[in-house]
Protein chains: 2
Amino acid sequence: MTDHHPGFAVILVEPQLGENIGMVSRAMWNCGLRELRIVNPRDGWPNQAAIDAASGATVPINNAKIYPDVASAVADLQVVYASSDRVREMQSRVVTPEFAAREIRGLAGEGVSAGILFGPERTGLFNDDIARASALIRIPTNPEFTSLNLAQAVLLIGYAWWSAGLNEAEDYVALGNTEPATREEFDGFFDRLIEGLEKGYFFRSPRLKPHTMRSLRTLFERARLSSQEIRTLQGVINALRRAGPYRFDGRI
Amino acid sequence: MTDHHPGFAVILVEPQLGENIGMVSRAMWNCGLRELRIVNPRDGWPNQAAIDAASGATVPINNAKIYPDVASAVADLQVVYASSDRVREMQSRVVTPEFAAREIRGLAGEGVSAGILFGPERTGLFNDDIARASALIRIPTNPEFTSLNLAQAVLLIGYAWWSAGLNEAEDYVALGNTEPATREEFDGFFDRLIEGLEKGYFFRSPRLKPHTMRSLRTLFERARLSSQEIRTLQGVINALRRAGPYRFDGRI
């Protein structure tokens, strides 16, 4: 997937701490983003603290390109966004990370390249840099506490992009080492269950029996049982039947 | 919003570094989450490193409750999730952060309380703890680099919950200090523009004029102009007309 989707360039404008650059590399690689551009890093380049902090996430940081200013860093890009929450100061278009993510994917489908500017740790982007972007990306956090560090901002926007490209099921049962039961296995189990229940006088009212059976079936269907679990449950039925009727013997 | 939606309890199981607990408090408060529970923190409690790292995000950490084991930490909750990517080891239900977020909001609407378990930094949750959860939450990151730290996992899941509750526009134009133009202002501007264009013989083909005008209008409508910008553009028209016809004088 990372090969088919170039994603977007992460452009760090005058980052201060090498450690933060490394953490950005980690956040990028978590989200399959490869292209890191750095404008005028305070502590120069290469930066050992950055490389150390990136531990393991080497692809973005090893390919990082350094630029003297924002204009040169975005020169070859076609659409530029700015990550900022200074939405009251500028009359910019403002989008959520999720909206930007879908837009970037749409643009990529048309062969259009995109990048996102992230400002220095202490100040964020200056208005002159924001003015180079066609839209602001504002991460909508708790108004009582909006402070996100650089890598967290990259992570949230990167994750929005990454997860927008996934076709994975949102809700499924992991199979472990087993197979989902076949319908035949399930029915075999269920028949054995009903047989046991009938012998145990479970169905007091013949009229209610169909309803009760449906409720029972629904309950077990919902669990999406594996073949192994079917065998286990059949063992449970057998064991319970072997155990014989419960008799209260006076002890607790 | 935070008052109406209790969100979910963040349950840290045997966290090691105080700094990480503080960063979790920050990530929680970014997302409006208040309820922090800590099972058996390695370095005891209270923990000054945790309080320092939480700087500013005091609500979750000041209300943190300490428990001796997972069972007591989840005792009063009704639905428990486990954050883990060990989906192959267990035959659990697996959901994305976004799916869990919607489910937790749906449950909250029914008065059902929820919590999410997060494991120790180095090992993640043990299978015994995962088995207490009704579902695993798996954050779908780049398979080549899935490593997320504790606070990042809390942030991504917390943000999924927080942003699922927002009704904000995903794409809008921030107004700065100005007002969107009225239709009358826009039409006044556009009429002046067309008038100038006619005088400048812009519309060479009378047949194409309606189409050209529509294209021009669409272009300016798309920009969603403010009153201030309308005035600026009218000034642009005036200035261009004052400037008179361009004459090539031989200099570059």
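Residues numbered from 1 in each chain as written. Chains lettered and ligands numbered in written order. Predicted model: local features only at pLDDT ≥ 70, side-chain atom pairs only at ≥ 80, totals over all residues. Heavy atoms only, no water.

**Student:** Explain helix α1 (residues 18-30) of chain B here, please?
**Tutor:** An α-helical turn contains 3.6 residues, so a residue and the one three or four places further along point in the same direction. Compared with the 18 Å implied by 1.5 Å per residue over 13 residues, the 19 Å span of α1(B) between its first and last C-alpha is a close match. With respect to burial, α1(B) is a largely interior element, 12 of its 13 residues being buried. Every buried residue of α1(B) is listed here: G18(B), N20(B), I21(B), G22(B), M23(B), V24(B), S25(B), R26(B), A27(B), M28(B), W29(B) and N30(B). On its buried face, α1(B) is in contact with α7 (150-164) of chain A together with β1 (9-13), β2 (36-39), α2 (48-53), α3 (58-62) and α7 (150-164) of chain B. (Helix = DSSP H or I, 4+ residues; strand = E, 2+ residues; numbered from the N terminus. Expected span 1.5 Å × (residues − 1). Buried < 20%, exposed > 50% of the residue type's maximum accessible area, 1.4 Å probe, protein only. Contact = heavy atoms within 4.5 Å.)

**Student:** What is the right way to read unusual backbone geometry from this model?
**Tutor:** Here W45(A) and P46(A) are connected by a cis peptide whose omega angle stands at 0°. The topology assignment puts P46(A) in the loop between β2 (36-39) and α2 (48-53). At E14(B), a position not held by glycine, the phi torsion is positive, near 45°. Of the residues examined, E14(B) reaches a relative accessible area of 37% and is grouped as partly exposed.

**Student:** Could you clarify how one ought to interpret the confidence of the model for chain A in this entry?
**Tutor:** One rule of thumb: low pLDDT means the predicted coordinates there are not for detailed reading. Mean pLDDT over chain A works out to 86, with 89% of the residues at or above the 70 mark. In the predicted complex, the global pTM is 0.76; the interface-specific ipTM is 0.74. (pLDDT = per-residue confidence, 0-100.)

**Student:** What's the story with the pairing of strand β4 (residues 79-83) of chain A in this structure? I'm lost.
**Tutor:** Consecutive side chains of a regular strand alternate in pointing toward one face of the sheet and then the other. All names here are of chain A. Counting buried positions over the five residues of β4 gives five, a clear majority of the element. Going residue by residue along β4, you find V79, Y81 and S83 tucked away on one face and V80 and A82 tucked away on the opposite face as well. Pairing of β4 with strand β6 (residues 114-118) involves five bridges; the strand directions are parallel. Within β6, the residue paired with S83 across the bridge is F118. Alignment of β4 against strand β7 (residues 135-137), held across three bridges, turns out to be parallel. Directly across from S83, in β7, lies its bridge partner I137. (Pairing = 2+ DSSP bridges.)

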